[in-house]
Amino acid sequence: MYGGGMGDEGDVDYDDDQDGFGFEEYAMDDSLDAISRLERYHTSDFSLQRLVLVRELADTAKDAGYQVTLQRMLPLLSNFVADSEPAVRQTFVEQLWPLAQFLIEGGEAGYKELTDTFLPFTFELLVDKNVQVGNSAVTTLIKLVDLVRDEQVEPQLLQVVVTLAKDERAEDYRIVAAQLFNELAPRFGEQRCIQTVIQEVTLISADTSFSVRKHVASSLGKLMTVIGPQNSVERLLPVYLKLCEDDIWGVRKACAEHICEVSTAVTREARNTKLVEAFSKLVEDQSRWVKVGSYQNLGGFIHTFEQEDIPATLIKLFSSMAPQDGSECDYSEYCAYSFPAVVRAVGKERWSDLEDSYVLLVKDVEWKVRRTLSFSLHEIGKVVGPEVSERILTQAFDLFLRDLDEVKIGCLSHCAQFMACLSESARHKHLHAIAALPQELENWRLRELIAQNLGQLAELVTPKVCKDLLQAPAIRLAEDQVADVRLSVFPSFGKVYKRLTEGEKNEHEELLKWIIGLLPKAGEAENLSKSHFQRRQMFVQMAGYCCIEGVNPDVFLDEFDKLASDKVPNVRLTLAKVMADPAFAAEPLKSKPKVQSVRAKLQEDPDRDVQYFFNAVPA
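By convention here, each chain's residues receive numbers from 1 onward along its written sequence. Reporting of local features is limited, given that this is a predicted model, to residues whose pLDDT is at least 70; pairs of side-chain atoms are given and counted only at 80 or more, and all residues count toward the totals for whole chains, interfaces and linings. Processing note: side-chain calculations cover all non-hydrogen atoms of the structure and skip hydrogens and water entirely.

A. Local environment of the overall build of the protein. Under the scheme used here, helices are H or I runs from DSSP no shorter than 4 residues and strands are E runs no shorter than 2 residues, and both carry numbers assigned from the N terminus. When you go through the protein residue by residue, the secondary structure sums to 37 helices and zero strands. Relative to the 2.2 N^0.38 estimate, which gives 25 Å for 619 residues, the radius of gyration of the protein is 33 Å and therefore markedly larger than a compact globule would have. Summarising its shape, the C-alpha atoms of the protein cover approximately 90 × 75 × 70 Å along the three principal directions. Taking all 619 residues of the protein together, 50% fall into the buried category. For the accessible areas, the method is Shrake-Rupley and the probe is 1.4 Å, while residue cover comes only from the protein chains on display. Roughly 30,500 Å² of accessible area belongs to the protein as shown, and the carbon and sulfur atoms make up 48% of that amount. Each charge class in the protein can be summarised by its mean position, and for the 68 positive and 97 negative side chains these summaries are 7 Å apart. Atoms counted for the radius of gyration: C-alpha only. Globule rule: 2.2 Å times residue count to the power 0.38. Three exposure classes are used, based on accessible area relative to the maximum for each residue type with a 1.4 Å probe and protein chains only: buried under 20%, partly exposed in between, and exposed over 50%. We treat Lys and Arg as the positive residues and Asp and Glu as the negative residues; His and chain ends play no part in the count. One atom stands in for each charge, and that atom is NZ of Lys, CZ of Arg, CG of Asp or CD of Glu.

B. Fine view of the state of the cysteines. Note on terminology: disulfide denotes any pair of cysteine sulfur atoms within 2.5 Å. On inspection of all chains with the given rule, the structure shows zero disulfides. No disulfide involves Cys193; its sulfur sits 20 Å from the nearest other cysteine sulfur, which is in Cys255. As a non-bridged cysteine, Cys260 has Cys244 as the owner of its nearest cysteine sulfur, 12 Å distant. Given the relative accessible area of 18%, Cys260 is considered buried.

C. Representation of the packing of aromatic side chains. Here a pair means two rings of Phe, Tyr or Trp (six-membered ring of Trp) with centres within 6.5 Å. Their orientation is stacked below 30 degrees between planes, edge-to-face above 60, and tilted elsewhere. Summed over all chains, the structure comprises 15 aromatic pairs. Here the aromatic rings of Phe318 and Phe339 are separated by 5.6 Å at their centres, their planes lie at 50 degrees, and the arrangement is tilted. Pair noted here: Phe318 is in helix α21 (residues 312-319) and Phe339 is in helix α22 (residues 332-346), with a separation of 21 residues, a long-range link. Residue Phe339 is classed as buried on the basis of its relative accessible area, which comes to 0%. One aromatic cluster is present, formed by Phe318, Phe339, Trp351 and Tyr358 through successive ring pairs. Here, a charge over a ring is recorded when the distance from Lys NZ or Arg CZ to the ring centre is within 6 Å and its angle to the ring normal is within 35 degrees. We note Arg149 situated over the ring of Tyr111; from NZ or CZ to the ring centre the distance is 3.8 Å.

D. Quick look at the environment of Asp247. Relative to the assigned elements, Asp247 resides in the loop between α15 (229-243) and α16 (249-257). Asp247 sits in the exposed class, given a relative accessible area of 73%. In sequence terms Asp247 and His532 are 285 residues apart; their C-alpha atoms lie 77 Å from each other.

E. Inspection of the pattern of salt bridges at higher detail. We count a salt bridge whenever a side-chain nitrogen from Lys or Arg sits within 4 Å of a carboxyl oxygen from Asp or Glu. Tallying each qualifying case throughout the model produces 42 salt bridges. Note that Glu168 is salt-bridged to Arg174, the shortest N-O span being 3.8 Å. For Arg174, a relative accessible area of 5% translates into the label buried. Two residues, Asp207 and Arg174, come together in a salt bridge whose shortest N-O distance is 2.6 Å. Here Asp207, found in the loop between α12 (190-204) and α13 (210-218), pairs with Arg174, found in helix α10 (residues 171-183); they are 33 residues apart in sequence, far enough to count as distant. What you see here is one network of salt bridges that share partners, running through Asp150, Glu154, Arg187 and Arg192.

F. Here's a closer look at the side chain of Arg252. Note that Arg252 resides in helix α16. In protein, a polar contact means a hydrogen-donor-capable atom and an acceptor-capable atom, both N or O and within 3.5 Å, with residues adjacent in sequence counting only if both atoms are side-chain atoms; elsewhere, any N or O pair within 3.5 Å suffices. Among the polar contacts made by the side chain of Arg252, one reaches the main-chain carbonyl oxygen of Asp247 at a distance of 3.3 Å.

G. Here's a closer look at the nonpolar core. Core analysis: the largest hydrophobic core is formed by 201 residues, its most contacted members being Phe181, Tyr358 and Phe560. Counting residues per element, this core draws most heavily on helix α25 (residues 377-401), which supplies 10 residues. Any two residues having at least one pair of non-hydrogen atoms within 4.5 Å are treated as being in contact. Setting aside residues up to four positions removed in sequence, Phe181 forms contacts with Leu158, Val161, Val162, Ala165, Phe188, Val197, Glu200, Val201, Ile204 and Leu223. Note on terminology: a nonpolar core comprises buried Ala, Val, Leu, Ile, Met, Phe, Trp, Tyr and Cys residues joined through side-chain atoms within 4.5 Å.

H. The arrangement of helix α28 (residues 424-436) in detail. The terminal C-alpha atoms of α28, which comprises 13 residues, lie 19 Å apart, in line with the 18 Å expected from a rise of 1.5 Å per residue. Note on bend: at a given residue it equals the angle between the axes fitted to the 7 residues ending there and to the 7 starting there. Roughly 30 degrees is the biggest bend found in α28, and it falls at His430. For α28, every residue scored as buried is listed here: Ala426, Arg427, His430, Leu431, Ile434 and Ala435. In this structure, the buried residues of α28 make contact with α25, α27 (415-419), α29 (444-459) and α30 (463-478). Helices are assigned an expected span. That span is 1.5 Å times one less than the residue count.

Any functional reading would require information that these geometric values do not contain.
See below:
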């Protein structure tokens, strides 16, 4: 128990006049309009107030109007460039793009502010000591350059970047220049890049600062794309190859990490000779980090050879990334991630070069590797064809279905697409495993994935197989305890039912009977246990998708006509949402008398929500 009363110390009145924190002291006057509030508080000692004002700059300008923004807002902006708080400077530079857009729409004076005010502000913040501020400034500048007229690209942009590249005061200036030469290359254009940029990039590639050289190695792809393959090989590839042999491992690592960008920009001959030679050295580098960076990008590098004769040395290197004899491997996750791209590049003809590695990866002890592979089964199947898919990939599929949920989710997400890669007999065989899962899985998200795929699976099999294997799980999922699962299976119901109607022996009648059975029979209207409104909602949604698929619409439309007068608003609301589908506003459904009757009843519905969704229905 607490001793004593709370009269003196327990009932403390925290008054703002005492030594405690006073919120009123930092609150802004809401009676002021936005521009006046900016004028009063833009130099506030409280950084949060300045941050709030900066976040609203674009909106404040639009509210104040063009002339007021020019006269009253722009003179205040220089304070934010030099603000002591990095968050304020970062937010400010992010606001320059929408502000510039607004002002340019207003006339020539607005464009002048872009060149005289906004671009200088952005260039100043490019070299901010705070990394986040500098990165945001680069993003903003890339957007702003699209607003600069072509005749001003050189004086307003290119010459400023060249000046930064020659600035010896701090390496940060030259680092930013290396980035901008690459990022702004599309705006500079081919001629300016050939005449000016290549020379400047070549000079800073030999900078005494390894950080500058590292950023040059990371910033060549877009520039090379702009100047074209031949110019790239003659003028910039020598720069890149020299950096690949730099004394500092961080520079060589940057070369390894960006070899894909370089590869796509050079000629086929250079890719097959000079780049392969350079990569072979990087992957054997004395620095572990350079080797790791090389292996991480090996798959992407191979993919740049697509429709070409890929060097056997690269494929052998890629295969070596798979774990050997069940042991762990540092590169197996990178190998699994890149596998679909590499398979696409090498093609079906050279699958044999990769098959052993794939089999090893499927059994990798690391679940993340198996999960990555499970998401790409269908993509590999499309390339290698039915024979390899049925011999190798189906084994992986069966293993993944018995694996952890984190692995199962991959193959279930695309199970219909994978089944499309198999022959009809193989589909039948492996559908048994999928059909049995809804009653075995505790994880409702996995059941939801099966529900989403059932419709596509139905289109891949015969009506008899559809009835034997897919009808029961469709019904089970429609009665699932989780609403998201039920909602996911409704679209599939239309496709399953359509496939059944295409059979020769009335395979659809059993499912039709079950769908109709969701509605109350004569004399059951008062029995809520048998005619609960949620069952009628289920009927409306499933029958709606059947109508959209064009199978026996008249059977369902008769019931829709009755349900349009249902006593429960939620049933009529569901019906209004179904009728909002464009299919009901197009032939052949649009002109059916029952569709018109349902529309007429919903149009006069007394419930406001039903009216809202009905008004969304196309005329």
